[in-house]
Amino acid sequence: MFEQVNSAVSSAEELTKSESSKQKLAEDLDQFMNLLVTQLKHQDPLDPMDPNEFTSQLVQFASVEQQIQSNLHLENMLALEQTSLLGTAVGYIGTQVEVIGNEMPLENGQGRSDYELDESVGTTSINVTDSTGKVVSFTGGETTPGKHTFEWDGKDNFDFPVADGIYTVSISALDADGELVDLIQSVTGTVTGVSMENGIATLDLNGAEYLVEDVLAVRQPIQ
């Protein structure tokens, strides 16, 4: 758990592009100042250098440095935000979460998917398929308005138990005219890990990955 957080912190402490640019700018400025001092020492007293020229160059250096410093502050803020987000996501590990989606983890022979109907429908069908697309379970669902729960006992249509893993549960509802009706579907699973990529936190539900923003509810695991 803490290795993931420490990894994010270590990444945030690594040399950023802005820090690298700042070092390069400092080197360029040192070279410019050395060159300027050398030119001033050897300038012709009767034809001195135009101060406006090197003053303009110094202003440019200052402007670039200010922009780099602003970028550095933004990078630091982003790194802290990502570390904070990952730290929050770590708190999900070990809990059961309900998330929007149809990839249902079967854990210890138990799987759960919820669906919500805005209106009464003619028929509701629930298909469970394995990773190969084979239908392992088929049943009818509720047709009344409201939120309903499909609890799968991990057995196929021949009443044989199947292996734990990730299954796709497809729930479809038809109205009296045989037209598809929109519904909201979710699944429930135990969070076994979290990850962060490109600033996006992802929860691992025993092999099924979901975004933190897709979480609808958090529950303590069933003992």
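Residues numbered from 1 in each chain as written. Predicted model: local features only at pLDDT ≥ 70, side-chain atom pairs only at ≥ 80, totals over all residues. Heavy atoms only, no water.

S.K.: Summarise the overall build of the chain; cite the residues concerned and give the values.
M.R.: For the chain, the count of helices and strands is three helices and 13 strands. Across the 223 residues of the chain, 30% fall into the buried class. The contacts of the chain with a sequence gap of at least 6 include a subset with a gap of at least 24, amounting to 69%. Summed over its atoms, the accessible surface of the chain is roughly 14100 Å², and 51% of this surface lies on carbon and sulfur atoms. (Helix = DSSP H or I, 4+ residues; strand = E, 2+ residues; numbered from the N terminus. Buried < 20%, exposed > 50% of the residue type's maximum accessible area, 1.4 Å probe, protein only. Contact = heavy atoms within 4.5 Å. Areas by Shrake-Rupley, 256 points an atom, 1.4 Å probe, with all protein chains shown as cover.)

S.K.: So what about the packing of aromatic side chains? Which residues, and what values?
M.R.: What the rule picks out here adds up to one aromatic pair. Each ring, one from Trp152 and one from Tyr167, has its centre 5.1 Å from the other, and the planes form 75°; the classification is edge-to-face. Note that Trp152 is positioned in strand S6 (residues 146–152) and Tyr167 in strand S7 (residues 165–174), a separation of 15 residues in sequence. On the basis of relative accessible area, Trp152 is assigned to the buried category, the value being 3%. Using a relative accessible area of 8% as the deciding quantity, one classes Tyr167 as buried. (Phe/Tyr/Trp six-rings, centres within 6.5 Å; stacked < 30°, edge-to-face > 60°.)

S.K.: Can you tell me about the side chain of Asp130, naming the residues and giving the values?
M.R.: Position of Asp130 relative to the elements: it lies in the loop between strand S4 (123–129) and strand S5 (135–140). Buried within the structure, Asp130 lacks any salt-bridge partner; Lys134 is the closest side chain of opposite charge, at an N-O distance of 5.6 Å. Of note is the side chain of Asp130, whose polar atom sits 2.6 Å from the side chain of Thr132. Beyond its immediate sequence surroundings of up to four residues, Asp130 is in contact with Val136 and Tyr167. (Lys, Arg positive; Asp, Glu negative; His and termini not counted. Salt bridge = Lys/Arg side-chain N within 4 Å of Asp/Glu carboxyl O. Polar contact = N/O pair within 3.5 Å; in protein donor to acceptor, adjacent residues only side chain to side chain.)

S.K.: Kindly report on the pairing of strand S9 (residues 183–190), identifying the contributing residues and their values.
M.R.: Among the eight residues in S9, six count as buried, and that is most of the element. Pairing of strand S1 (residues 96–100) with S9 involves five bridges; the strand directions are antiparallel. What sits directly across from Val97, in S9, is Gly189. Bridge analysis of strand S3 (residues 111–117) against S9 gives six bridges, and the strand direction is antiparallel. Across the sheet, the residue bridging to Arg112 is Thr188, located in S9. (Pairing = 2+ DSSP bridges.)

S.K.: Residue-level account of the nonpolar core, with values.
M.R.: Membership of the largest hydrophobic core comes to 30 residues, with the highest contact counts inside it found for Val128, Trp152, Val169, Leu203 and Leu205. Ranked by residues supplied to this core, first place goes to S7 with four residues. Apart from the residues within four sequence positions on either side, Trp152 is in contact with Met104, Leu106, Gly109, Gln110, Gly111, Val128, Val136, Ser137, Val162 and Tyr167. (Core = buried A, V, L, I, M, F, W, Y, C linked by side-chain atoms within 4.5 Å.)

S.K.: Outline the sheet that holds S9, supporting the account with residue identities and numerical values.
M.R.: Read from one edge to the other, the open sheet built from five strands follows the order S6-S3-S9-S1-S13, with strand pairing classed as antiparallel. Two strands bound the open sheet, and with one partner strand each, they are S6 and strand S13 (215–219). Averaged over all pairs of adjacent strands, the angle between their axes in this sheet comes to 20°, without regard to strand direction. Relative to S13, S1 runs antiparallel, the two being bridged by four bridges. Note that in S13 the partner of Glu98 across the bridge is Ala217. (Axes fitted to C-alpha atoms, helices over the stretch in contact; angles between N-to-C directions.)

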